[in-house]
Each structure stands twice: as C-alpha cells, then as structure tokens.
Amino acid sequence: VQLVESGGGLVQPGESLRLSCAASGFTFSGYNMRWYRQAPGKERELVAAISSTGGSTTYADSVKGRFTISRDNAENTVYLQMNSLKPEDTAVYYCHLPTRGYWGQGTQVTVSS
C-alpha cells in the first residue's frame, strides 16, 4: 500500500490549495479515506472523511464550509480542496486509510502573510 500526498505549499490568508493523495496497492474504490493534519506541538487531528463511493463526507467543525473532500475512484485519488485558508490551518496534512492503518508521508501547508 502506498499513499502519496502532493499539493502543499506556502499561501497567504484567504487563498486556496488543493491537496491530492494518490493511492496504490489496494482496491481504492472499496475503502473510506480520511485527511488528517498535525500542527507543530499539537496532536494529529481528523480534518475530513469520505466514504468509499464518495456519497458521504464529514468535516471537522474548524474547516466546515471552507474545505471539501472528494475522490476519483477511476484515478485512485482523494482530494482536499481548501479555500479561505487561515494561519491556523498551517500543518502537515496526511492522507489515511483507516481500516488498514496506512498513512502517507504528509505534505506541508503554510498559511502566512
């Protein structure tokens, strides 16, 4: 199993980023997926989750209305569209396959003016 995140970077407050997580080594369309983040000195927290079909999504209260999780089962990829970014969104963002316990290597998102 491999989960490879991409799309992180340095942006100013109010800007947008789209993270991608390319999955391989398992039947992607059969599994729920999650995005987590971990800021310096803080515990890793769940940001968003999506069901195997994409029909059901959940979000942390801190990102509701700003972030959107989606997936393309034909491309074995899960996305996190992040709009109206705030400095408190600064963290390393991780893709997670919850039922099998796999994590990606993470991608850094920094929101700063």
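Residues numbered from 1 in each chain as written. Predicted model: local features only at pLDDT ≥ 70, side-chain atom pairs only at ≥ 80, totals over all residues. Heavy atoms only, no water.

Caption draft 1: Focus on the overall build of the chain. If you tally the helices and strands in the chain, you get 0 helices and 11 strands. The C-alpha atoms of the chain give a radius of gyration of 13 Å, which matches the 13 Å a tight globule of 113 residues would have. For the chain, the spread of C-alpha atoms along the principal axes amounts to about 40 × 25 × 20 Å. Expressed as a percentage of the 113 residues in the chain, the buried residues total 40%. Sequence-distant contacts, at least 24 apart, represent 52% of the contacts inside the chain between residues at least 6 apart. A distance of 4 Å separates the average location of the 10 positive side-chain charges in the chain from that of its 9 negative side-chain charges. (Helix = DSSP H or I, 4+ residues; strand = E, 2+ residues; numbered from the N terminus. Rg over C-alpha atoms; globule rule 2.2 N^0.38 Å. Buried < 20%, exposed > 50% of the residue type's maximum accessible area, 1.4 Å probe, protein only. Contact = heavy atoms within 4.5 Å. Lys, Arg positive; Asp, Glu negative; His and termini not counted. Charge placed at Lys NZ, Arg CZ, Asp CG, Glu CD.)

Caption draft 2: Representation of the pattern of salt bridges within the structure. Going through the model one piece at a time under the given rule, you end up with 4 salt bridges. The partner of Glu 45 in a salt bridge is Arg 37, and the shortest N-O contact between them spans 2.6 Å. Accessibility expressed as a relative area gives 33% for Glu 45, which makes it partly exposed. In this structure, the salt-bridge partner of Lys 64 is Asp 61, at a minimum N-O distance of 3.2 Å. A relative accessible area of 49% means that Lys 64 is categorised as partly exposed. (Salt bridge = Lys/Arg side-chain N within 4 Å of Asp/Glu carboxyl O.)

Caption draft 3: Layout of the state of the cysteines. Scanning the entire structure with this criterion turns up 1 disulfide. Disulfide pairing places Cys 21 opposite Cys 95 at an S-S distance of 2.1 Å. Handedness here is read from the sign of the S-S torsion; for Cys 21 and Cys 95, about -80°, the answer is left-handed. On the criterion of sequence distance, the pair formed by Cys 21 in strand β3 (residues 17-24) and Cys 95 in strand β9 (residues 91-97) is long-range, its members being 74 residues apart. Cys 95 shares its class with Cys 21; the two are buried. (Disulfide = S-S within 2.5 Å.)

Caption draft 4: Region of interest: the pairing of strand β7 (residues 67-72). Side chains of β7 alternate between two faces, with Phe 67, Ile 69 and Arg 71 buried and Thr 68, Ser 70 and Asp 72 left unburied. Across 6 bridges, the pairing between β7 and strand β8 (residues 77-82) is antiparallel. The residue bridging Ser 70 from the neighbouring strand is Tyr 79, located in β8. What sits between β7 and β8 in their antiparallel hairpin is a turn of 4 residues, with Asn 76 showing a positive phi close to 55°. (Pairing = 2+ DSSP bridges.)

Caption draft 5: A look at the nonpolar core. Met 33, Trp 35, Val 78, Leu 80, Met 82 and Tyr 93 are the most contacted members of the largest nonpolar core, which has 28 residues in total. Apart from the residues lying within four places of it in its own chain, the contact partners of Tyr 93 are Glu 5, Leu 19, Trp 35, Tyr 36, Arg 37, Val 47, Phe 67, Leu 80, Met 82, Gly 106, Thr 107 and Val 109. (Core = buried A, V, L, I, M, F, W, Y, C linked by side-chain atoms within 4.5 Å.)

Caption draft 6: Inspection of the sheet that holds β7 at higher detail. Strands sit in the order β1-β3-β8-β7 across an open sheet of 4 strands; the sheet is antiparallel. Two strands bound the open sheet, and with one partner strand each, they are β1 (2-6) and β7. On average, each strand axis in the sheet is tilted by 15° relative to the strand beside it, whichever way the strands run. Strand direction decides the pairing type here: β3 and β8, joined by 6 bridges, are antiparallel. (Axes fitted to C-alpha atoms, helices over the stretch in contact; angles between N-to-C directions.)

That's the geometry; what it means functionally is another story.
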